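# Structural overview for review
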Amino acid sequence: MALGLAVLDDYGISWDESIQRRHGRVSIDYAADKLGIDGYEKLEPEWDLEDYQWSNYGMIYQITANLLEQKLGYEDDPYHYYKLRHCLAFGLFWLACLYFYRTLRLRFPDKAWYPLIGTLALVLSPRIFANGFYNPKDHILLVFYVISTFTMLRFLKERSWRNLIFHAFATGLALNTRLPALIVPLTTCLILGWEMLRDRSEIRANLKWIAVYLPLSVAFMVPFFPYLWEDTFSRLIGAFSEMSAFDWDSTVWLFGNRISALDVPWYYIPAWIIITTPIIFLLFIFSGVFATGKHMLSSLRDFRWWSSKEELLDFSQLGLAVGPILVVILLGSTLYNGWRHLHFVFPSFVFLLMVGYDYGQRNWARPQVQSWILGAGLVLTAVQMARYHPHQYVYFNAAIQGEPLNVRFDMDYWGVGFRDAFLQLADQIPEGETRAIKCEVWPCKDNYKSLPPEAKAKLTIATAWHKADYLATNFIWPNTRYDVRDRKEHFAFPVVEVRPAGDLIVGIYDLRAAKAASAPAPKGTE
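This text gives an overview of the structure that appears in the document. Because the structure is predicted, anything quoted here is derived from the model rather than measured.

## Description of the state of the cysteines
This model, assessed by the stated rule, comprises 1 disulfide. Unpaired in this structure, C97 has its nearest cysteine sulfur neighbour in C87, at a distance of 15 Å.

Here it is in structure tokens:
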């Protein structure tokens, strides 16, 4: 926690943060209207949740962040209201780590070091760690997915009404973040249903559990989801249908191929996970998947998927990790840049990493070698994360080599690195002087607005190219990726280039110098 708070201010503002802030404000306006709060002044008078494009998203985090912002008086202070959100987001990630530790304790109650090692592996997952500061939606889902996974596994291991109620509450909160959290109640019901199929004596008890759990989960979901306060079930069905039919008609990059987001290949998500996870982590994850699959096949002889409480937990985590990926592949879902929208499955893979480690400890001839390998993997990853800081979100493992990465993969597509670039630029500008910057995308402007006052005083945002001294870009457009590689036009005049581990993600280029260099030479000087 102390480490996270120490580096909190190093991370920039992501593409979706200003949008998600507005989502929360629109939801607060709607809730205030429905609650009949006298004298309330709308935060977003031009928007109405009833016909708002994003009304079907759970807003528990966005509403909470906006209420805290107003309570602290930060509403007109971007530097502080974004810093508040990063603090809140990281605090939630820290909470997820605590629950992940408790989840591993359920699985390995007599091995005190295992939960600590597994939780450390989660924290040392570079892309997961970085997104824990600035990702206002996918990582909020990850947090509540982890919590609801813990409550589910605790209930499955120790059946009681108390554990069921806590699980229903956690499920309601998870559904309040993103609807893909539906995999949690689905997994819960499938496991209880399988038990009923196999053992008729379980039918009565399990039907009671399901009959209480599902309505209770919805009941806990609705109070934190203002859009569902009226016409709850039809709006809920509409939210599910809109989620499954969502269109984002843009392109993504993978292995140098520019791919339509509406038609990504089946291997898109598996490939991203494999190339952005530390290789030693992958070895233990594959070992855990193998061990779990081996136990499942062994249990099938007795018409079971598991033969012990421990195997039930492993089976559940395998489903929670692989299930969402298979759904995305089978449905041909629209996918965004990278795999951050499926980061929520990664803690389940780390759980399997520890299952793989435990399997090796019990079955390898020299288990101490395995401990040295995992320990080395953790240390090397920590060193790499320090090397990338604060841009761990563009980490690739050693399998990716060769041609510049920004012409092969999506890199800083959310523009988080603009903050670092602006701070470096401000350090170059003498006191009392200012420089005008032309932004290609709006996260550039959001990062400018959120700068510390002393850095912000040295910069302005230009509204037109001819008024700008510099261009700031994160190379989101295809031509810029190739032009900077070939150093064409203004890209031949870099002022600041952000290169974590040597790979270019954000640049600021001198437009004045480029214009002077392209001007024809005066007559008689040739």
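Now that the structure has been shown, the text picks up again.
## Concerning the pairing of strand β1 (residues 251-254)
In the sheet, β1 pairs with strand β2 (residues 257-260) via 4 bridges, with the strands oriented antiparallel. Following the sheet pairing, T251 is matched in β2 by S260. Linking β1 to β2, which pair antiparallel, is a turn of 2 residues; within it F255 sits at a positive phi near 55°.

## Brief notes about the side chain of D410
Relative to the elements of secondary structure, D410 occurs in the loop between α16 (367-388) and α17 (418-428). Note on D410: relative accessible area 2%, which makes it buried. Of the polar contacts made by the side chain of D410, one reaches the side chain of N337; its length is 3.3 Å. Here R481 takes part through its side chain, which lies 3.2 Å from a polar atom of the side chain of D410. Here D410 is in contact with V252, W253, W272, N337, G338 and R481, once residues within four sequence places are set aside.

## A short note on the sheet that holds strand β4 (residues 459-461)
Overall, mixed pairing links the 5 strands, which are arranged β4-β3-β5-β7-β6 in an open sheet. Taken across any chain shown, the strands that pair with only one partner, and hence form the sheet edges, are β4 and β6 (494-498). On average, adjacent strands in this sheet sit at an angle of 25° to one another, irrespective of strand direction.

## Some words on helix α13 (residues 279-299)
Compared with an ideal rise of 1.5 Å per residue, which puts 21 residues at 30 Å, α13 spans 30 Å between its outermost C-alpha atoms and is within 8% of the ideal. Among all positions in α13, only F281, L282, F284, I285, S287, G288, A291, T292, M296 and S299 are buried. Buried positions along α13 lie against α5 (113-123), α12 (268-275), α14 (309-331), α15 (346-363) and α16.

## Remarks on unusual backbone geometry
For the bond from H389 to P390, the omega torsion is 0°, close enough to zero to count as cis. Positionally, P390 belongs in the loop between α16 and α17. Of note, the phi angle at E489 is positive, near 50°, even though the residue is not glycine. Topologically, E489 is positioned in the loop between α20 (478-486) and β6.

## Overview of the environment of P443
With respect to the helices and strands, the residue P443 is situated in helix α18 (residues 442-449). In this structure P443 comes out as buried when scored by relative accessible area, which is 0%. For the pair P443 and F418, spaced 25 residues apart in sequence, the C-alpha separation works out to 7.7 Å. Ignoring sequence-local partners within four residues, the contact set of P443 consists of I13, W15, W414, G415 and F418.

## A few points about a nonpolar patch on the surface
There is a patch of nonpolar side chains on the surface, built from M1, L5, W94, L95 and L98 and spanning about 410 Å² of accessible area. A per-element tally of the nonpolar patch places helix α4 (residues 78-107) first, with 3 residues. Residue placement: L95 occurs in helix α4.

## Looking at the side chain of N176
Within the secondary structure, N176 sits in the loop between α8 (161-175) and α9 (183-198). Its relative accessible area of 0% is what places N176 among the buried residues. A polar side-chain atom of N176 sits 2.6 Å from the main-chain carbonyl oxygen of M221. Not counting residues up to four positions away in its chain, the partners in contact with N176 are G58, M59, I60, F220, M221, F224 and F225.

## Here we look at the pattern of salt bridges
Per the stated rule, a full pass over the model turns up 22 salt bridges. The salt bridge involving K111 is made with D358; its shortest N-O contact spans 2.5 Å. With K111 in the loop between α4 and α5 and D358 in helix α15, this residue pair connects regions lying 247 residues apart in the sequence. A residue is classified by how much of its surface remains accessible, and K111, at 25% relative accessible area, is partly exposed. With a closest N to O distance of 2.8 Å, R487 and E497 form a salt bridge. With R487 in the loop between α20 and β6 and E497 in strand β6, the pair connects residues that are 10 residues apart, well separated along the chain. For R487, a relative accessible area of 31% corresponds to the partly exposed category.

## Structural notes on the packing of α13 against α15
Interhelical geometry of α13 versus α15 gives an angle of 75° and a closest axis separation of 6 Å. Accordingly, the angle class assigned to the pair α13 and α15 is roughly perpendicular. For the pair α13 and α15, the contacting residues are F281, F284, I285, S287, G288, V289, F290, A291, T292 and K294 in the first and F349, L352, L353, V355, G356, Y357 and Y359 in the second. For the contact of α13 with α15, the residue count by class is 12 nonpolar, 4 polar and 1 charged.

## Focus on the packing of helix α2 (residues 17-35) against helix α3 (residues 60-71)
Remark: α2 packs on α3, axes separated minimally by 8 Å, with the N-to-C direction vectors making an angle of 85°. On the basis of the axis angle, α2 is roughly perpendicular to α3. The segment α2 lies against α3, with Q20, R21, G24, R25, S27 and I28 engaging Q62, I63, N66, L67, E69 and Q70. Grouping the amino acids of the contact of α2 with α3 by side-chain chemistry returns 3 nonpolar, 6 polar and 3 charged.

## Re empty space enclosed by the protein
In the structure shown here, the tally under the stated rule is 7 cavities of 30 Å³ or more. Quantified by volume, the largest cavity comes out at close to 110 Å³. Looking at the largest cavity, the residues that line it are R127, N131, Y134, W339, R340, H343, Y393, M411, D412, Y413, W414 and V416. Looking at the lining of the largest cavity residue by residue, the class counts come to 7 nonpolar, 2 polar and 3 charged.

## Structural notes on the environment of F491
With respect to the helices and strands, F491 occurs in the loop between α20 and β6. In the structure, F491 is positioned 75 residues away from V416 in sequence and 20 Å away in space, judged by C-alpha atoms.

## Describing the packing of aromatic side chains
Each pair of aromatic rings is reported with the distance of its centres and the angle of its planes. A complete count under the given rule lists 36 aromatic pairs for this structure. Aromatic side chains Y388 and Y395 sit 5.6 Å apart centroid to centroid with 65° between the ring planes, which places their arrangement in the edge-to-face category. The same class applies to Y388 as to Y395, namely buried. Arranged with centres 4.9 Å apart and planes meeting at 75°, the rings of F491 and Y509 form a pair that is edge-to-face. In this pair, F491 is assigned in the loop between α20 and β6 and Y509 in strand β7 (residues 506-510), connecting sequence segments 18 residues apart. Overall, F491 belongs to the buried group, its relative accessible area being 2%. We classify Y509 as buried; its relative accessible area is 0%. Members of the aromatic cluster, joined through ring pairs, are Y11, F90, F93, F129 and F133. One cation-aromatic arrangement involves R235 over Y227; the distance from NZ or CZ to the ring centre is 4.3 Å.

The rules behind each value
- Sequence positions are assigned chain by chain, starting from 1 and proceeding in written order.
- Only residues with pLDDT of 70 or above have their local features reported here, since the model is predicted, and side-chain atom pairs are shown and tallied only from 80 upward, although totals for entire chains, interfaces and linings are computed over all residues.
- In computing side-chain values, all of the structure's heavy atoms are included and hydrogens and water are not.
- Cysteine sulfur atoms that come within 2.5 Å of each other are treated as a disulfide pair.
- Paired strands are those between which DSSP finds at least two bridges.
- Numbering of helices and strands runs from the N terminus, with a helix taken as a DSSP run of H or I at least four residues long and a strand as a DSSP run of E at least two residues long.
- Buried means the residue's accessible area, taken with a 1.4 Å probe over protein chains only, is under 20% of the maximum for its type, while exposed means over 50%, and partly exposed covers the values in between.
- The term polar contact refers here to a pair of N or O atoms within 3.5 Å; inside protein, the definition further demands a hydrogen-donor-capable atom paired with an acceptor-capable atom, and it admits residues adjacent in sequence only when both atoms are side-chain atoms.
- We call two residues in contact when some of their heavy atoms are within 4.5 Å.
- Axis definition: a line fitted to C-alpha atoms, limited for helices to the stretch in contact. Angles are taken between N-to-C directions and run from 0 to 180 degrees.
- Take the residue count of a helix, subtract one, and multiply by 1.5 Å to get its expected span.
- Residues forming no salt bridge and having over 30% relative accessible area are the ones grouped into patches, like charges within 9 Å of each other and nonpolar side chains (Val, Leu, Ile, Met, Phe, Trp, Tyr) within 5 Å.
- Note on areas: these come from Shrake-Rupley sampling with a 1.4 Å probe, and a residue is covered only by the protein chains present in the view.
- The term salt bridge refers to a side-chain nitrogen of Lys or Arg lying within 4 Å of a carboxyl oxygen of Asp or Glu.
- Roughly parallel refers to an angle under 35 degrees, roughly antiparallel to one over 145, roughly perpendicular to one between 65 and 115, and oblique to any angle outside these ranges.
- For this classification, Asp, Glu, Lys and Arg are treated as charged, while Ala, Val, Leu, Ile, Met, Phe, Trp, Tyr, Cys and Pro are nonpolar and the rest, including Gly, are polar.
- A 1.4 Å probe that fits into a set of points on a 1 Å grid over the protein atoms alone but cannot get out defines a cavity; an open set with protein on both sides within 12 Å along at least five of seven lines defines a pocket, and lining residues are those with an atom within 4 Å of a point.
- Grid points are joined across faces, edges and corners, and a volume is the space filled by probe spheres set on the points.
- For Phe, Tyr and Trp, where Trp contributes only its six-membered ring, two rings pair if their centres lie within 6.5 Å, and the inter-plane angle classes them as stacked under 30 degrees, edge-to-face over 60, or tilted in between.
- Lysine and arginine charges are scored as sitting over a ring when NZ or CZ, respectively, is within 6 Å of the ring centre and within 35 degrees of the ring normal.

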